[in-house]
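Listed here are the chains, written in short residue letters.
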Amino acid sequence: MPNTIFTTVNQAEQSLANNKFTYTEWVTGQGAKTATFNELDQYLQGYATIAAFLCNTQAFQAAMTQVSSELWDVYRKFASNTRNKFTRALNRVAASYGFDFQNRFVVNTNNTRPIGIKLIGGDPQLGYMLRNKLFWKDSMDLRHGEHSHSLQWLAIAQANTALTTSVANLYSKTGAFRASSKGDKKGERSLLMWQWIADCFPSDMSNLATEQFLNGETLESESYRSPQLITDYLMKSGPIAGHFVSTYLFHRYKNRNWLVTKKEWDPQSNADVTRISKLYTGDPTVMRPDSPGTRSWIPSPSSPDARLIRDPNRHTHVHSQPAAQVYDVTFHGNRGELCYFHTE
């Protein structure tokens, strides 16, 4: 059953039931074991609602536009020489929806510190980050996107404020709810709710969706359950007009040669237009030698090959040089400056 898209909440609920998603707790030496959870039905209803939302293109894009507006309203108010303005804005907006944004700094009552976790490989402690409602920066695959999961869950939270259980609480349990794959031994549950809801693969990457659920579904979904399609939406056709997040990410990728543009004649507008000629090129795990950003990241003691963490003792909060690019722009009806401090 490839390319699973839920057009209704009831369809998603039926999938959860057919695949026997179960609440578990990790027992040292034994693995994930079924446990009692008094809010089981509420959580399953919430997960079904979220899955159906991510399959609704129009609803997701509308919520993403609202999240973009909220992020821009925070970003544009930072001083122009502030470092990490985008993830500082993510912090403020995430906190407003109940997430405990990871910043690895001391008491931060205004929620404007930068992101504190960067993944550079498959992280065995994903469950810890989810349980603690943390966000992180993915620096493994450009199409997957550095911030796609953060943006994905902010859009979910923005659009689903009426859920009985908060989206942040639902997020925190996505590593605890598990289902069996057809390849599991009896009693094993290797598939996470996190994967089913938010970490699927688009159809052109279906070769990676190899595991099958009990009902025949795979993790292939041509929807915003797949983070790659969130990045595609924001980036593939160039910056979305008037959209802060799309424009910010487009120029960030371009400045690092993660995308390449070229001028082409457009007969409809009778003018040269800039179009993307190469997209998702380069290696996001490679950092510039001895830059302020590079110096502020250190390997995590518990998972050095998979995760970097922000070192507050080596992080500087302001840039020592003026921005390489400053644009006076208006997004979502509000004027501000879009600043970039690095170009290749």
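S.K.: Whenever I open this one, the nonpolar core confuses me. Can you help?
M.R.: Nonpolar side chains tend to gather and get buried jointly when the protein is soluble and globular. In this structure, Phe99, Trp153, Trp196 and Phe244 are the most contacted members of the largest nonpolar core, which totals 91 residues. Not counting residues within four places of it along the chain, the set of residues in contact with Trp196 comprises Phe6, Ala12, Ser15, Leu16, Phe21, Tyr47, Ala51, Phe213, Glu217, Leu219 and Arg225.

S.K.: How do you make sense of the sheet that holds strand S4 (residues 137-138) when you look at a structure like this?
M.R.: Two modes of strand pairing occur in sheets, parallel and antiparallel, and in both the strands are linked by backbone hydrogen bonds. The four strands are arranged S4-S3-S10-S9 in an open sheet whose pairing can be described as mixed. The open sheet has two edge strands with one neighbour each: S4 and strand S9 (297-299). Bridge count for strand S3 (residues 117-119) against S4 is two bridges, and the pairing is parallel. Bridge assignment links Leu119 to a residue of S4, and that residue is Asp138.

S.K.: Any chance you could explain the pairing of strand S11 (residues 325-331) here in plain terms?
M.R.: Successive residues of a regular strand alternate their side chains across the two faces of the sheet. Sheet analysis places S11 next to strand S12 (residues 334-340), joined by seven bridges and oriented antiparallel. Pairing of Tyr327 across the sheet is with Leu338, part of S12. Connecting S11 to the antiparallel partner S12 that follows it, the hairpin turn spans two residues, and His332 within it adopts a positive phi of roughly 55°.

S.K.: Would you mind showing me how to read the packing of helix H3 (residues 57-75) against helix H4 (residues 85-96) here?
M.R.: Two quantities define a packed helix pair, namely the angle between the axes and the distance from one axis to the other. At their nearest, the axes of H3 and H4 sit 9 Å apart, and the two run at 115° to each other. Where H3 crosses over H4, the two elements pack in a sense that is right-handed. Only Lys85, Phe86, Ala89, Leu90, Arg92 and Val93 of H4 make contact with H3, whose side of the interface consists of Glu70, Leu71, Val74 and Tyr75. Residue composition of the contact of H3 with H4, grouped by class: seven nonpolar, no polar and three charged.

S.K.: Would you take a moment to explain the pairing of strand S10 (residues 307-310) for this structure?
M.R.: Across the two faces of S10 the burial is the same, with Arg307 and Ile309 and Leu308 and Arg310 all buried. As defined by bridge partners, S3 adjoins S10 across three bridges and the pair is classed as antiparallel. Residue pairing across strands places Ile117 opposite Ile309, the latter belonging to S10. With three bridges connecting them, S9 and S10 associate as antiparallel partners. Bridged to Trp297 within S10 is Arg310.

S.K.: Got a minute to help me understand the side chain of Thr49 in this structure?
M.R.: Inspection of the secondary structure assignment puts Thr49 in helix H2 (residues 40-54). At 2.9 Å, the side chain of Thr49 forms a polar contact with the backbone oxygen of Gln45. With sequence-adjacent residues up to four places away left out, Thr49 is seen in contact with Val9, Asn160 and Leu163.

Calculation notes
All residue numbers refer to positions counted from 1 along the written sequence of the respective chain. At least 70 in pLDDT is required for a residue's local features to be given in this predicted model, at least 80 for side-chain atom pairs to be given and counted, and no such filter applies to totals for whole chains, interfaces and linings, which use all residues. Side-chain numbers here rest on the full set of heavy atoms in the structure, without hydrogens or water. In this text, buried Ala, Val, Leu, Ile, Met, Phe, Trp, Tyr and Cys residues form a nonpolar core when linked through side-chain atoms within 4.5 Å. Whether a residue is buried, partly exposed or exposed follows from its accessible area with a 1.4 Å probe, protein chains only, as a fraction of its type maximum: under 20%, in between, or over 50%, in that order. A contact between two residues is defined here by any heavy atoms of the two lying within 4.5 Å. Only strands joined by at least two bridges in the DSSP assignment are considered to pair. The helix and strand labels rest on DSSP assignments: H or I over at least four residues marks a helix, E over at least two residues marks a strand, and numbering proceeds from the N terminus. The axes are straight lines fitted to the C-alpha atoms, using for helices just the contacting stretch, and the angles between their N-to-C directions are given from 0 to 180°. Put simply, a crossing is left-handed when the front helix is turned counterclockwise from the back one by less than a right angle, and right-handed when it is turned clockwise. Classification used: nonpolar for Ala, Val, Leu, Ile, Met, Phe, Trp, Tyr, Cys and Pro, charged for Asp, Glu, Lys and Arg, polar for all others including Gly. Under the rule applied, a polar contact is a pair of N or O atoms within 3.5 Å (in protein, one hydrogen donor and one hydrogen acceptor; residues adjacent in sequence only if both atoms are side-chain atoms).

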